[in-house]
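One letter stands for each residue in the lines below.
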Amino acid sequence: MRRDGLINKGLTGGGWRIGGLMLLLGLASINTASAQRRSSDNALPQIAEINRQISGVWDEYGLRPSEPATDGEWCRRVYLDLIGRIPTVEELEEFLGDRSRDRREKLVNMLLYDERYTEDFARNWTTIWSNMLIGRTGGNDNNSMISREGMQKYLRDSFARDVPYDQMVHELIAASGSTQPGSDDFNGATNFLIDKVNEENAAQATAAVSRLFLGLQVQCTQCHNHPFNDWRQQKYWEMNAFFRQVRAQRIGGRGDNGGARLVDQDFRGEGAGADISQAVLYYEERSGYSRTAFPVFVDGTEIGRDGRVEQVNRRQELADLVVASEYFEKAAVNRMWGHFLGYGFTKPVDDLGPHNVPSHPELLDYLGGEFRKASFNTKTLMTWIVLSEPYALSSRMNSLNATDDPQLGESPKFSHFYLRSMRAEELYESLIVATQAHLNRGSYEEQERQKNMWLQQFTSAFGTDEGDEQTTFNGTIPQILMMFNGDLIRQATSERDGGFLDRLASGPLPGPKKIDYLYMAALSRKPDRQEREMAQIFLELHGNDPKKALADVWWLVLNGSEFIFNH
Amino acid sequence: MIRFSTPDGMSRRHFMRHMAGASALTGSALAMGHTLKTHASELTSRRKSAILLWMGGGPSTMDIWDLKPGSRNGGEFRPISTSGDMQISEHMPMMAKQMDKMSIVRSMSTREADHNRGRYYLHTGYVPNPNIEHPSYGSVIAHELIDQRPELEIPPFVAVGGDSVGPGFLGMAWAPFSVSSNGQVRNLDLNMDVNRLSARKLALMELEARAMQNDNRGIAVREHLEVIDKTFKLMTSPQMAAFKVADEPQAVRDRYGDNGFGNGCLMARRLVETGVPFVEVSLGGWDNHQDIFPTLRDDKLPVLDRAMSALVEDLEQRGLLQDTIIIWMGEFSRTPNINGNAGRDHWARSWSCVVGGGGLNGGIAVGETSADGTAVETDPYSAEDLMATVCQGLGISLETTFTSLNGRPMKIANSGRVIRELIS
């Protein structure tokens, strides 16, 4: 076993060495062929190409990749990243019990295509996209024109029905209709732009569409030429000109949560003697000069200048241009890579401007091209990434790749899996599943409402008109307090009759297996010797009251970094 | 730094005694209790603190601290005289009486007019860089002043009513502790017997320390352990009473305004008294792209005026102002030009910050802007200059150098130069 030497290096000796070995032996039975071998067997050329390009950079920098992750670690990762929660003990055991060579492919296919996982999959990606499109707080305020429910309904339908990525983005950019489910002209996609078009001549819409779908940061060029990128103020206003026909109209008064309607209306053009067939806008340079702009896409493509919607629908034209742009596929691939690997090829992930050189430019181009060839099928792209070698590496570093740490400011080389905190939503869903609370949950809407209430404690807005916000869920004291004492953990570790721990304690499993069950449920592995011993100590402390000891052990497991991190 | 016992070869019996012992210790310390130091006279050491009043959104300083009557950009408000050597807005009458203790820097000139970039820059003194995260004011100051207060059991950097910018490369142990201005800290109730909590604590610290040593997964695991340690400290600390603004007499709360920002400022005073070196209190809603004048006159300025003046007055009356620097700023200001929606847009080129206390010179206006407010006509000052001045005022050496995670030396306050007029 090559792994021994590596892992023992980190051990301190004595009893803990034995613990470490026990851990190794325990895992050896579920650890098989290296990722290298597995992935080179794989028929998909895109996966082979990812592996070739990524490992090429390792060689270039003299990095030795970490060992492959164990099947248990990999399984936990895939569940978290694809469907937003950890596996149940039963799901994990089903996977570990599969001895076939293509069990990883089978698992990925199951999570992506099996009906039993459609809801989890759609929920996860709806959450990710809602946070991106309207933020964690969008629609929470009674005065908001956003219907969070409407946004989520649209996204959930799109992900459940496998709508291709270009079609979805086209709909988000060009949508019109009501934000609110239940209205006759309901179109949930309108929630993306509804609060971004009325102020400052749709500055936020301009910035959000450019940043999210093209990876271009234009917001700074609204007022001046950007000091260190290609963007000029003129380009910003030409892009902005696409949003001059759109208005958000509130339905009902402020505060009654009546929703709103996104409508297209003619743009007459600005200035005295405006000509609607040449509908122009004016902006001011820093020097004070006034300049004019018409709709021109970032690549220089001009569209008609007529301001009448029936002549030229500027948002429709923009949507066509966006999904045809090469920035479009790169931005999508970069974001998706970042989701699974922890870092995109650029930092930040939504800045692909010429000043920000990607870590793997050829791979980014290649994957973008392949994604377009695959008709923007999101699940296909996910499959390539999830079955690649870098995704299957251990998060434990070795002496020859410890320098590969983007936290130190290095560009990522993906020679080990980068440890990261679960997102707040992932933690929530994982806790629910780990404590089997999912077996008797209410309706989907009710579940989302409860989760949203829980999430609000971690989210705070910055008090700007742009709705900037921050989620304090990155290892801060409030997060630790929530994990120590919060309602969710209190319920999870509750000793009440009929509860999770009560059922486990009084169930048929022999004592040590009960501890195993808790470790498998939270960490997708069995406890090592030291951890078993710790459990035994708790049992003795509680005068052999097993339920109390189980509660303590469960609290310990949930509060450990191994649970909180995707590793 | 966290200390943990070496688990090597520890027998089960031994560990059990260890756990039982720890429980007893924590229990008795709790039972005895401590009394919260509330009298300024007990604060014998000259320890310094800072309070940042953060105005999220970018307040129009031309309508508050540097009015331009007679200019077409001047807006609707008139200037009034103050107890200091400058005039301010007529809608800040209570602050006008405190301006002998505060100074206005009217020659701020910065380049970041995007909210996120400006917030980052004003908080750190550095422009955003994708490869490095710089620590914010509170993290830097807490990090430098923590040694003065070994008795402090609650976090040294508290953000009230909104988030701040993070600790960057200093690590999560220096992250802002965010609380709402009502003083209620969520999930603080023990809901279990303290001995049981102590046993869990000890076991958790042991297991995490082991994970840190064995797993080689980077700094995140160590940071988690450090924050766990801080959380346990805070959970059993009587100093947590400092957050309870509800314990203040109603008259005091009324003086501060008894609203979110007012209670935040009051909490800042209580925290500083308890020994917290840095408190940030947020007041948002300054992103006034439309209808700026009624918004400022009827909503923002009355709240600001009452709470900020109460804070200055209260700190002074308690003898704390000479050791506490107050900073008032947002991420930028607003255009001198009034736009078509009777609002002002983002503007960073010429604007004002306010600073005072902690021995800094009060009652003066530093620098000048042009008659229409569009340009600084004196030596311009930057975010890093203001930060350097605050650090110097707090007795922190400007030679202090941090090492970022990738080994780069980073001078405190980005080598800003001290604003001489403020330090005599």
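Residues numbered from 1 in each chain as written. Chains lettered and ligands numbered in written order. Predicted model: local features only at pLDDT ≥ 70, side-chain atom pairs only at ≥ 80, totals over all residues. Heavy atoms only, no water.

1. Description of the overall build of chain A
Along its length, chain A carries 25 helices and nine strands. Within chain A, buried positions represent 60% of all 567 residues. In chain A, of all internal contacts separated by at least 6 residues, the share reaching a separation of at least 24 is 67%. A total accessible area of about 21800 Å² is found for chain A, and carbon and sulfur atoms account for 48% of it. (Helix = DSSP H or I, 4+ residues; strand = E, 2+ residues; numbered from the N terminus. Buried < 20%, exposed > 50% of the residue type's maximum accessible area, 1.4 Å probe, protein only. Contact = heavy atoms within 4.5 Å. Areas by Shrake-Rupley, 256 points an atom, 1.4 Å probe, with all protein chains shown as cover.)

2. Things to note about the pattern of salt bridges
Counted under the stated rule, the structure contains 70 salt bridges over all chains. Put simply, Lys-373 of chain A and Glu-370 of chain A hold a salt bridge, and the shortest N to O gap is 2.8 Å. Here Lys-373 of chain A pairs with Glu-370 of chain A, and both are found in helix H15 (residues 361-373), just three residues apart, close to one helical turn. The structure contains a network of salt bridges with shared partners spanning Glu-248, Arg-269, Arg-270, Glu-273, Asp-314 and Arg-318 of chain B. (Salt bridge = Lys/Arg side-chain N within 4 Å of Asp/Glu carboxyl O.)

3. Points about the nonpolar core
Within soluble globular proteins, side chains that are nonpolar generally end up buried alongside one another. Counting 229 residues, the largest nonpolar core has Trp-129, Phe-213, Trp-554 and Phe-563 of chain A together with Leu-53 and Trp-65 of chain B as its most contacted members. Of the residues forming this core, the biggest block, twelve residues, is contributed by helix H9 (residues 292-317) of chain B. Not counting the four nearest positions on each side in its chain, Phe-213 of chain A is found in contact with Trp-129, Leu-133, Tyr-165, Val-169, Leu-172, Ile-173, Phe-192, Ala-208, Val-322, Tyr-327, Phe-328 and Ala-331 of chain A. Counting residues in each nonpolar core, the second largest holds 45 residues, with Ala-142, Tyr-381, Leu-386 and Met-387 of chain B among its members. (Core = buried A, V, L, I, M, F, W, Y, C linked by side-chain atoms within 4.5 Å.)

4. Remarks on the interface of chain B and chain A
Taken together, the 70 residues of chain B in the interface contact 70 residues of chain A. Of all residues in chain B, the largest losses of buried area upon contact with chain A belong to Asn-187, Arg-200 and Arg-217 of chain B, amounting jointly to 12% of the total for that side. Between chain B and chain A we count seven salt bridges in total. Looking at the side of chain B that touches chain A, the elements that each hand over two or more residues are helix H1 (12-32), helix H3 (115-124), strand S6 (177-179), helix H5 (194-215) and helix H6 (219-235) of chain B. It is H5 of chain B that contributes the most residues to the side of chain B that touches chain A, twelve residues altogether. (Buried area = accessible area lost by both parts, 1.4 Å probe.)

5. As for the sheet that holds strand S12 (residues 365-366) of chain B
By way of backbone hydrogen bonds, the strands of a sheet pair with one another, either parallel or antiparallel. Residue and element names in this part refer to chain B. Reading across the sheet, the eight strands line up as S6-S5-S7-S1-S8-S11-S4-S12 and stay open at both edges, with mixed pairing between neighbours. With one partner strand each, in any of the chains shown, S6 and S12 form the two edges of the open sheet. Alignment of strand S5 (residues 157-160) against strand S7 (residues 278-282), held across four bridges, turns out to be parallel. Directly across from Val-158, in S7, lies its bridge partner Val-279. (Pairing = 2+ DSSP bridges.)

6. A word on the environment of Gly-368 of chain A
Residues and elements named next belong to chain A. With respect to the helices and strands, Gly-368 occurs in helix H15. For Gly-368, a relative accessible area of 0% translates into the label buried. Put simply, Gly-368 and Pro-348 are 20 residues apart on the chain and 18 Å apart in space, counted from C-alpha to C-alpha.

7. Regarding the pairing of strand S3 (residues 260-264) of chain A
Residue and element names in this part refer to chain A. Alignment of strand S1 (residues 177-178) against S3, held across two bridges, turns out to be antiparallel. From the neighbouring strand, Gly-177 faces S3, where its bridge partner is Leu-262. When strand S2 (residues 246-250) meets S3, the two strands line up antiparallel, connected through five bridges. From the neighbouring strand, Ala-248 faces S3, where its bridge partner is Leu-262.

8. Observations concerning the packing of helix H24 (residues 546-559) of chain A against H5 of chain B
To characterise two packed helices, one gives the angle between the axes of the helices and the distance between these axes. At a minimum axis separation of 10 Å, H24 of chain A and H5 of chain B run at an interaxial angle of 45°. In this view, H24 of chain A runs oblique relative to H5 of chain B, as classed from their interaxial angle. Of the two elements, H24 of chain A crosses H5 of chain B, and the hand of that crossing is right-handed. Listed contacts from H5 of chain B to Lys-548, Ala-551, Asp-552, Trp-555, Leu-556 and Asn-559 of chain A of H24 of chain A are Arg-196, Arg-200, Ala-203, Leu-204 and Leu-207 of chain B. For the contact of H24 of chain A with H5 of chain B, the per-class residue count stands at six nonpolar, one polar and four charged. (Axes fitted to C-alpha atoms, helices over the stretch in contact; angles between N-to-C directions. Parallel < 35°, antiparallel > 145°, perpendicular 65-115°, else oblique. Left-handed = near helix turned anticlockwise from the far one by under 90°. Nonpolar A, V, L, I, M, F, W, Y, C, P; charged D, E, K, R; others polar.)

9. Quick notes on the packing of aromatic side chains
The description of an aromatic ring pair rests on the distance of the ring centres and on the angle between the ring planes. All names here are of chain A. This structure, assessed with the given rule, holds 30 aromatic pairs over all chains. Between Phe-121 and Trp-125 the ring centres are 6.3 Å apart and the planes differ by 40°, which places this aromatic pair in the tilted class. Of this pair, Phe-121 and Trp-125 both sit in helix H8 (residues 118-134), four residues apart, roughly one helical turn. The same class applies to Phe-121 as to Trp-125, namely buried. Cluster of aromatic residues (ring-pair linked, three or more members): Phe-121, Trp-125, Phe-159, Phe-340, Tyr-391 and Phe-417. In this structure, Arg-156 is placed above the aromatic ring of Tyr-444, and the distance from its NZ or CZ to the ring centre is 3.7 Å. (Phe/Tyr/Trp six-rings, centres within 6.5 Å; stacked < 30°, edge-to-face > 60°. Lys NZ or Arg CZ within 6 Å of the ring centre and 35° of its normal.)

10. With respect to the side chain of Ser-147 of chain A
Residue and element names in this part refer to chain A. Relative to the helices and strands, Ser-147 is located in the loop between H8 and helix H9 (148-160). A polar contact is formed between the side chain of Ser-147 and the backbone nitrogen of Gly-150, at a distance of 2.8 Å. Here Gln-180 takes part through its side chain, which lies 3.3 Å from a polar atom of the side chain of Ser-147. Every residue in contact with Ser-147, bar those within four places of it in the chain, is listed here: Thr-179, Gln-180, Pro-181 and Asn-191. (Polar contact = N/O pair within 3.5 Å; in protein donor to acceptor, adjacent residues only side chain to side chain.)

11. Here we look at helix H8 (residues 260-274) of chain B
Residues and elements named next belong to chain B. Between its first and last C-alpha atoms H8 spans 21 Å; for 15 residues at 1.5 Å apiece the expected length is 21 Å, and the two agree. Counting buried residues in H8 gives 14 out of 15 residues, a clear majority hidden from the surface. Just downstream of H8, Gly-275 is the residue with a positive phi angle, here 115°. (Expected span 1.5 Å × (residues − 1).)

12. As for the sheet that holds S3 of chain A
The strand order S1-S3-S2 (chain A) describes an open sheet built from three strands, whose pairing is antiparallel. Of all the strands in the sheet, the pair left with one neighbour each is S1 and S2 of chain A.

13. Details of helix H10 (residues 383-393) of chain B
All names here are of chain B. The buried fraction of H10 is high, at ten of eleven residues. Looking at H10, one finds that the buried residues are Ala-383, Glu-384, Asp-385, Leu-386, Met-387, Ala-388, Thr-389, Val-390, Cys-391 and Gly-393. The secondary structure elements touched by the buried residues of H10 are strand S4 (102-108), H3, helix H4 (137-145), strand S8 (324-329) and strand S11 (351-357). Just downstream of H10, Gly-395 is the residue with a positive phi angle, here 80°.

14. Observations concerning the pairing of S5 of chain B
All names here are of chain B. Alternating residues of S5 divide into Phe-157 and Ala-159 and Val-158 and Val-160, and every residue in both groups is buried. Two strands pair when backbone bridges link them, and S5 and S6 are joined in this way by three bridges, in the parallel orientation. Following the sheet pairing, Val-158 is matched in S6 by Phe-177.

15. A short note on the environment of Cys-75 of chain A
Residue and element names in this part refer to chain A. Here Cys-75 is to be found in helix H5 (residues 71-83). C-alpha of Cys-75 to C-alpha of Leu-92: the two residues are 17 residues apart in sequence and 7.2 Å apart in space. Leave out the neighbours within four places in its chain, and Cys-75 touches Pro-87, Leu-92, Phe-95 and Leu-107.

16. Brief notes about the confidence of the model for chain A
Low pLDDT marks regions whose predicted coordinates should not be analysed in detail. Of the residues in chain A, 87% have a pLDDT of 70 or more, and the chain-wide mean is 86. Of the regions scoring below 50 in pLDDT, residues 1-40 of chain A engages in 63 contacts with residues more than four places distant in sequence or in other chains. (pLDDT = per-residue confidence, 0-100.)

17. As for the packing of H8 of chain A against helix H18 (residues 444-456) of chain A
Residue and element names in this part refer to chain A. Direction vectors running N to C along H8 and H18 enclose 40°, while the axes themselves pass 13 Å from each other. Comparing their axes, H18 and H8 come out oblique. H8 and H18 meet at a crossing whose hand is right-handed. Of the residues in H18, those touching H8 at Glu-119, Arg-123 and Thr-127 are Tyr-444, Gln-447, Glu-448 and Lys-451.

18. Description of the domain arrangement of chain A
Residue and element names in this part refer to chain A. According to the domain assignment, chain A consists of domain 1 (3-12 + 438-566), domain 2 (34-120 + 328-420) and domain 3 (143-324). With six residues of domain 1 at the contact, the number on the domain 3 side is five residues. Taking both partners together, domain 1 and domain 3 bury about 470 Å²; carbon and sulfur atoms supply 41% of that area. Where domain 1 meets domain 3, there are one salt bridge. A salt bridge links Arg-156 to Glu-445, with the nearest nitrogen and oxygen atoms 3.5 Å apart. Linking domain 1 with domain 3 are one residue pair in polar contact (both at pLDDT 80 or more), by the criterion used here. (Domains from an automatic or database assignment.)

19. Overview of the confidence of the model for chain B
All names here are of chain B. Mean pLDDT over chain B: 89, with 89% of residues reaching 70 or higher. Below pLDDT 50 for its whole length, residues 1-10 participates in 20 contacts with residues either more than four positions away or in separate chains. Low confidence marks residues 22-44, where pLDDT is under 50. Its contacts with residues over four positions away, or in another chain, come to 23 contacts. Here the predicted complex scores 0.85 on pTM and 0.83 on ipTM.

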